[in-house]
Amino acid sequence: MALSRITGLGYYVPDNVITNNDLTKWMETSDEWIQERTGIRERRYFEYGKDTNYSMAAAASRQALEHAGLTPGDIDVIVYATITPDYFFPGSAFLMQRELGMDGKPVIDIREQCSGFVYALSIADQFIKSGMYKTALVVGSEIQSSWIDKSTAGRNTAVIFGDGAGAAVLTATEDPQHCIISTHLHADGRYAEELFVREPGSSRPGRTITKEMIEEGGFNVYMNGNAVFKHAIVRFGEVIREALEKNGLEAGDIDLLVPHQANIRISDYVRQQLGLSESQVVNNIQRFGNTTAASVPIALAEAFENGRLHDGNLICLAAFGSGFTWASALIRW
Ligand code: UT7
């Protein structure tokens, strides 16, 4: 049976740096509060006219393709995760496919929120394992800054999120020492409304978008931060242990953990539970905030750029987010 290997990584973040102090111009908050509760110092916001969801994804993908030594024409399928697409439909994967000149190649748009990239990676891995495709481009890209409510009313979510994109190229291999070992996916819809954006929903009377919906805040992110936090710290640990147990491995075997960048306190808690050192966990939330589906591939690509991925390393990706969803992937680098 074929296996899949990550042969290319890339990321793109907009140039526009928004510090915590910049946020104080729009809402009542402070650098101290944000750093203490989340670890975030700054994040990036897209520049209108320069960046789009799909252009950021294309930039990350070009880098990943170059790293893999491939061209867009070599890719068999695109799996693209985002909850902030350029259009309501079709998805941004179509726009990126056009941008990269990959006409005719299949594209799959998925959501799955903060777990989006790990889900997308799993989908691509299954396609390659089944023999249906030999190469895949897996992308996470988000523009959160145009959605979030930057007034004081939205401060519990506005301070967290940022924009960016990350991408990975997957290639078929027969080598079990350099491959995606396994992926583990979970969801629990009972908590769908603990972190969600209600509008523009289709199951509404009359027109889908009304002035009242906007005034009632239905387009804003609602988050029960405390509930999300409590579930996250449990599910991260669970899904990482599940991946290890499935493969007869232990936490001590992990060389590098690349968690979704939700909150530095969540990462620290998970790190301590697993008995890992600070140097074994990738944290870049300080500089990029929470970029939802883009956070894992950005962190992984940055870890590669910084020389933190070594031949034969055991890398663990893990994510938790709205839905609720949670997921992990074990990779032999
Ligand atoms: O990506 C996956 C999904 N997201 C997450 O995993 C995030 C999980 N949740 C969290 O990280 C935390 O819940 C937050 C960082 C979002 C919030 O931290 P918290 O300690 O749970 O704060 P809170 O919402 O309980 O609010 C505490 C206080 C409140 O004031 P009072 O009622 O105690 O007077 C808030 O109004 O902090 C206030 N507050 C703020 N103050 C300054 C909330 N947001 C802010 C803010 N600046 N940005």
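About the criteria used
Residues numbered from 1 in each chain as written. Predicted model: local features only at pLDDT ≥ 70, side-chain atom pairs only at ≥ 80, totals over all residues. Heavy atoms only, no water. Helix = DSSP H or I, 4+ residues; strand = E, 2+ residues; numbered from the N terminus. Rg over C-alpha atoms; globule rule 2.2 N^0.38 Å. Areas by Shrake-Rupley, 256 points an atom, 1.4 Å probe, with all protein chains shown as cover. Lys, Arg positive; Asp, Glu negative; His and termini not counted. Charge placed at Lys NZ, Arg CZ, Asp CG, Glu CD. Near = heavy atom within 4 Å. Polar contact = N/O pair within 3.5 Å; in protein donor to acceptor, adjacent residues only side chain to side chain. Domains from an automatic or database assignment. Contact = heavy atoms within 4.5 Å. Buried area = accessible area lost by both parts, 1.4 Å probe. Salt bridge = Lys/Arg side-chain N within 4 Å of Asp/Glu carboxyl O.

Our next topic: the overall build of the protein chain. Scanning the protein chain from N- to C-terminus turns up 11 helices and 13 strands. Its C-alpha atoms give the protein chain a radius of gyration of 19 Å, within 12% of the compact-globule value 20 Å for 333 residues. Overall, the protein chain is about 55 × 45 × 35 Å in size when its C-alpha atoms are taken along their principal axes. For the protein chain, the accessible area works out to roughly 14200 Å², and carbon and sulfur atoms hold 49% of it. Computed over 29 positive and 41 negative side-chain charges, the separation of the two mean positions in the protein chain equals 2 Å.

Near the ligand lie 22 residues; those nearest to it are Thr-29, Arg-37, His-260, Asn-263 and Asn-290. Contact between the ligand and Thr-29: a nitrogen atom at 2.6 Å from a side-chain N or O atom of the residue. Isolated, the ligand exposes 950 Å² of accessible area, and the fraction of that covered by the protein chains is 72%. Ranked by residue count, the leading element in the shell around the ligand is helix H8 (residues 225–246), at 4 residues.

Turning next to the domain arrangement of the protein chain. Here the protein chain is described as being made up of domain 1 (3–176) and domain 2 (180–332). Using only C-alpha atoms to locate each centre, domain 1 and domain 2 end up separated by 13 Å. The interface is formed by 51 residues belonging to domain 1 together with 49 residues belonging to domain 2. The three residues of domain 1 that bury the most area against domain 2 are Tyr-11, Cys-114 and Val-118, which together make up 17% of that side's buried surface. One can count 0 salt bridges joining domain 1 with domain 2. Scanning the region where domain 1 abuts domain 2 turns up 18 residue pairs in polar contact (both at pLDDT 80 or more). Going through the elements one at a time, strand S1 (3–12), helix H2 (31–38), strand S3 (42–44), helix H5 (116–130), strand S6 (135–142), helix H6 (155–158) and strand S7 (164–173) are the ones with two or more residues in the side of domain 1 that touches domain 2. The element best represented in the side of domain 1 that touches domain 2 is H5, accounting for 9 residues.

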